[in-house]
Amino acid sequence: MMLCWLLPATVQAQIRGVIVGPGAERYRMAVSPLKNLGIPNDVERLSERIADVIADDMDRSGWFSIIDRSAYIEHPQRTGIRLGEFDYRDWATIGAEGLVKGGFRIDGDQVRFEFWLHDVFRQAPILGKTYRGSLRDARRMAHRFVDEIILRLTGVRGPFDTRIAYVSTGRDRFKEIYVSHLDGTDKKKVTNNRTINLFPSWTPDGKGLVFLSFKTGKPQVLGFDLDTNRETPISTGNGLSLRGRWSPDGRYLATPLERQGNQDLYLLNRDGHIVERLTRNASIDISPTWSPDGRRVAFVSDRHGSPQIYIVELATGKIRRLTFKGNYNQSPDWSPAGELIAFTGRANGVMNIFTIRADGSEHRMITANRHNDEDPSWSPDGRFIAFTSDRTGSRRIYTMRRDGESQRRLTGSTADDTHPSWSPRLP
């Protein structure tokens with residue numbers, strides 16, 4: 001069951017303007033520890049742990065300024081969570097504009113959450129939701145509520161109930177594929193073949209991955225089902241294969257194949273058979289990424305002397321060059337709405353993240369650092385980008401807003417983490 005309380009449209013529009021309108025500042029938000037609605041002993045420490053998840057997601061979004069918990073006046077276990085069960089003045093006093101309150105009840109290995117978002121200034125609830133499920137999914141329920149908050153305040157659902165696939169090295173320096181939630185939890189090792197695995201990307205339904213593996217000694221595209229843990233070769237018998245990506249409808253895999261010493265782009269069906277050859281050129285054509293409508297594929301080619309981004313129209317085979325600035329552009333990723341392509345480009349001696357409109361206009365550098373920022377991957381809502389950076393000495397995965405603001409580190413292990421791929425929304 002879900003509980004919803006909607007503000008009048010005029011009030012809701014005013015709040016949206018505060019968060020995403022012209023000159024918008026961060027919305028000052030308090031996230032209260034959750035009230036224990038069941039037995040007194042909080043053995044799972046859900047009260048503060050889940051509040052921390054919500055606060056971290058909201059801070060990462062860049063739209064909210066989270067008020068430090070040490071400033072809170074109210075005791076969360078002595079007041080309620082709904083309208084009339086607490087005093088809004090306790091939160092107005094510390095400068096909160098918005099307030100997240102919630103409660104939980106544990107029954108064996110199951111938990112029930114009730115979350116509320118309140119408007120402190122108007123002293124009214126904005127949104128209420130309840131979630132039930134296994135304790136192991138407690139953090140995911142918190143992520144889902146933050147996505148609902150962002151939906152209510154911006155008009156588009158947030159990206160936090162998602163996962164990131166990436167490549168990570170261990171002490172033995174082999175490159176393996178991992179998957180984790182956006183906050184780094186529930187980390188799963190997808191490959192364990194003690195070799196090199198690269199370029200993970202998601203199936204359109206978010207239930208599987210495709211990646212490049214050298215487990216047989218030669219590069220080969222493999223598929224992996226996350227539900228069954230089953231690995232399936234995709235490009236067997238077609239020649240040496242490199243990075244592949246599924247079409248938005250999941251019918252075709254765009255992948256470079258090396259045949260007779262030359263790399264061109266091909267379409268394979270789900271059985272791994274060649275359906276169509278997309279490029280015919282003596283140059284190297286790699287790194288395909290699909291437009292959301294499935295009608296075009298952007299890719300990297302050195303056909304004019306240096307790596308640049310090109311687009312091929314599938315219906316006609318017509319190819320046009322997209323990037324003309326810079327002498328080294330690679331790793332394109334098409335945004336979910338289709339208007340932008342993010343890519344890596346060399347500038348001032350280092351690699352940075354750029355975006356460009358699909359018509360070639362508005363070429364913008366969105367990171368401008370003295371270190372290397374690479375491998376952009378769009379969030380499913382198109383408002384955030386995951387990327388690799390070596391700013392701490394070792395390479396780590398970071399996230400940022402599409403304008404380059406709110407850069408936050410995602411992975412913090414001692415390993416080398418690269419090639420992030422942001423999942424679709426989870427089922």
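Visitor: For this particular structure, what's the right way to read the overall build of the protein?
Guide: Helix and strand content of the protein: 4 helices and 31 strands. Taking 22 Å as the expected radius of gyration for a compact globule of 427 residues, we find that the protein reaches 23 Å, a close match to that expectation. By principal-axis analysis of the C-alpha atoms, the protein measures approximately 75 × 45 × 40 Å. Per-residue burial over the protein gives 55% buried out of 427 residues. With the model as given, the accessible surface of the protein reaches about 18900 Å², and the carbon-plus-sulfur share is 46%. Here the protein holds 62 positive side-chain charges and 52 negative ones, and the gap between their average locations is 2 Å.

Visitor: I keep staring at the pairing of strand β28 (residues 384-389) and nothing clicks. Help me out?
Guide: A regular strand places its side chains on the two faces of the sheet in alternate fashion. Along β28, 6 of the 6 residues are buried, which leaves the element largely enclosed by surrounding structure. In β28, alternate side chains face the same way, and those of Phe384, Ala386 and Thr388 on one face and Ile385, Phe387 and Ser389 on the other are all buried. Direction of pairing for strand β27 (residues 373-378) relative to β28: antiparallel, over a ladder of 4 bridges. Within β28, the position partnered with Glu374 by the bridge is Thr388. The turn linking β27 back onto β28 is made up of 5 residues, and Gly382 within it adopts a positive phi angle of 75°. Inspection of the sheet shows β28 paired to strand β29 (residues 396-401) by 6 bridges, in the antiparallel sense. Considered in β29, the bridge of Ile385 is made with Met400. Where β28 folds back on β29, the antiparallel hairpin that results is connected by 6 residues, among which Gly393 adopts a positive phi of roughly 105°.

Visitor: Explain the packing of aromatic side chains here, please?
Guide: Two descriptors summarise a pair of aromatic rings, namely the distance from one centre to the other and the angle between the planes of the rings. All chains considered together, the criterion is met by 12 aromatic pairs. Each ring, one from Trp63 and one from Phe384, has its centre 5.7 Å from the other, and the planes form 75°; the classification is edge-to-face. Of the two residues, Trp63 is situated in the loop between α2 (46-61) and β3 (64-66) and Phe384 in strand β28; the sequence distance between them amounts to 321 residues. By relative accessible area, which is 8% here, Trp63 ends up buried. You can call Phe384 buried: its relative accessible area is 3%. Members of the aromatic cluster, each reached through a chain of ring pairs, are Phe113, Phe115, Tyr131 and Phe145. Over the ring of Tyr328 we find Arg346; its NZ or CZ atom is 4.6 Å from the centre of that ring.

Visitor: What is the right way to look at the nonpolar core in this model?
Guide: What tends to happen in soluble globular proteins is that the nonpolar side chains get buried as a cluster. Counting residues in hydrophobic clusters, the biggest one holds 41 residues, and the most contacted among them are Ile54 and Phe113. Residue assignment for this core shows that the elements contributing at least two residues are β1 (27-31), α2, β4 (98-107), β5 (110-119), β6 (124-134), α4 (138-154), β7 (163-169) and β28. Among the elements that take part in this core, α4 stands out by supplying 8 residues, more than any other. If near-sequence neighbours (up to four positions away) are discounted, Ile54 is found in contact with Val31, Val100, Phe115, Ala142, Phe145 and Val146.

Visitor: What's the story with the confidence of the model for the protein in this structure? I'm lost.
Guide: If pLDDT is low for a region, its predicted coordinates should not be looked at in detail. Mean pLDDT for the protein: 90, with 93% of residues reaching 70 or above. Considering only residues more than four positions removed or in separate chains, one finds that residues 1-14, a stretch of pLDDT under 50, has 30 contacts.

Visitor: Help me understand the sheet that holds strand β10 (residues 197-202), please; the structure alone is not making it clear to me.
Guide: Within a sheet, neighbouring strands are paired by backbone hydrogen bonds and run either parallel or antiparallel to one another. Taken in spatial order, the 4 strands make up an open sheet running β10-β11-β12-β13, and their pairing is antiparallel. Edge positions in the open sheet fall to β10 and β13 (230-233), since each of these has one partner strand only. Here the strands of the sheet are splayed against their neighbours by 25° on average, with no regard to which way each runs. As paired elements, strand β11 (residues 208-213) and strand β12 (residues 220-225) share 6 bridges and run antiparallel to each other. Among the inter-strand pairings, Val210 is bridged to a residue of β12, identified as Gly223.

Visitor: Teacher, can you tell me more about the packing of α2 against α4 here?
Guide: For any two helices packed against each other, one specifies the crossing angle of their axes together with the interaxial distance. Two numbers describe how α2 lies on α4: the axes approach to 9 Å, and their chain directions differ by 40°. Classified by the interaxial angle, the pair formed by α2 and α4 is oblique. Of the two elements, α2 crosses α4, and the hand of that crossing is right-handed. Packed against α2, whose contacting residues are Leu46, Arg49, Ile50, Val53, Ile54, Asp57, Met58 and Ser61, the element α4 presents Ala138, Arg139, Ala142, His143, Phe145, Val146, Ile149 and Ile150 at the interface. Within the contact of α2 with α4, the residues separate by chemical class into 11 nonpolar, 2 polar and 3 charged.

Visitor: Just checking my understanding: could you explain the pairing of strand β17 (residues 262-268) for this structure?
Guide: The buried fraction of β17 is high, at 7 of 7 residues. Residues Asn262, Asp264, Tyr266 and Leu268 of β17 are buried on one face, and the alternating residues Gln263, Leu265 and Leu267, pointing to the opposite face, are buried as well. The pairing of strand β16 (residues 253-259) with β17 spans 7 bridges and is antiparallel. Looking at the pairing, Ala254 lines up with Leu267 of β17. Here β16 hands over to β17 after 2 residues, with Gln260 in that stretch at a positive phi of 55°. Examined bridge by bridge, β17 and strand β18 (residues 274-277) share 3 bridges and lie antiparallel to one another. Bridging across to β18, Tyr266 finds its partner in Arg277.

Visitor: Help me understand the environment of Arg383, please; the structure alone is not making it clear to me.
Guide: Within the fold, Arg383 resides in the loop between β27 and β28. Once you skip the residues sitting within four places of it in the chain, Arg383 turns out to touch Trp63, Ile150, Thr154, Val156, Arg157, Gly158, Met400, Arg401 and Arg402. At a separation of 3.1 Å, a polar atom in the side chain of Arg383 contacts the side chain of Asp381.

Thresholds, definitions, all that
- Residues numbered from 1 in each chain as written.
- Predicted model: local features only at pLDDT ≥ 70, side-chain atom pairs only at ≥ 80, totals over all residues.
- Heavy atoms only, no water.
- Helix = DSSP H or I, 4+ residues; strand = E, 2+ residues; numbered from the N terminus.
- Rg over C-alpha atoms; globule rule 2.2 N^0.38 Å.
- Buried < 20%, exposed > 50% of the residue type's maximum accessible area, 1.4 Å probe, protein only.
- Areas by Shrake-Rupley, 256 points an atom, 1.4 Å probe, with all protein chains shown as cover.
- Lys, Arg positive; Asp, Glu negative; His and termini not counted.
- Charge placed at Lys NZ, Arg CZ, Asp CG, Glu CD.
- Pairing = 2+ DSSP bridges.
- Phe/Tyr/Trp six-rings, centres within 6.5 Å; stacked < 30°, edge-to-face > 60°.
- Lys NZ or Arg CZ within 6 Å of the ring centre and 35° of its normal.
- Core = buried A, V, L, I, M, F, W, Y, C linked by side-chain atoms within 4.5 Å.
- Contact = heavy atoms within 4.5 Å.
- pLDDT = per-residue confidence, 0-100.
- Axes fitted to C-alpha atoms, helices over the stretch in contact; angles between N-to-C directions.
- Parallel < 35°, antiparallel > 145°, perpendicular 65-115°, else oblique.
- Left-handed = near helix turned anticlockwise from the far one by under 90°.
- Nonpolar A, V, L, I, M, F, W, Y, C, P; charged D, E, K, R; others polar.
- Polar contact = N/O pair within 3.5 Å; in protein donor to acceptor, adjacent residues only side chain to side chain.

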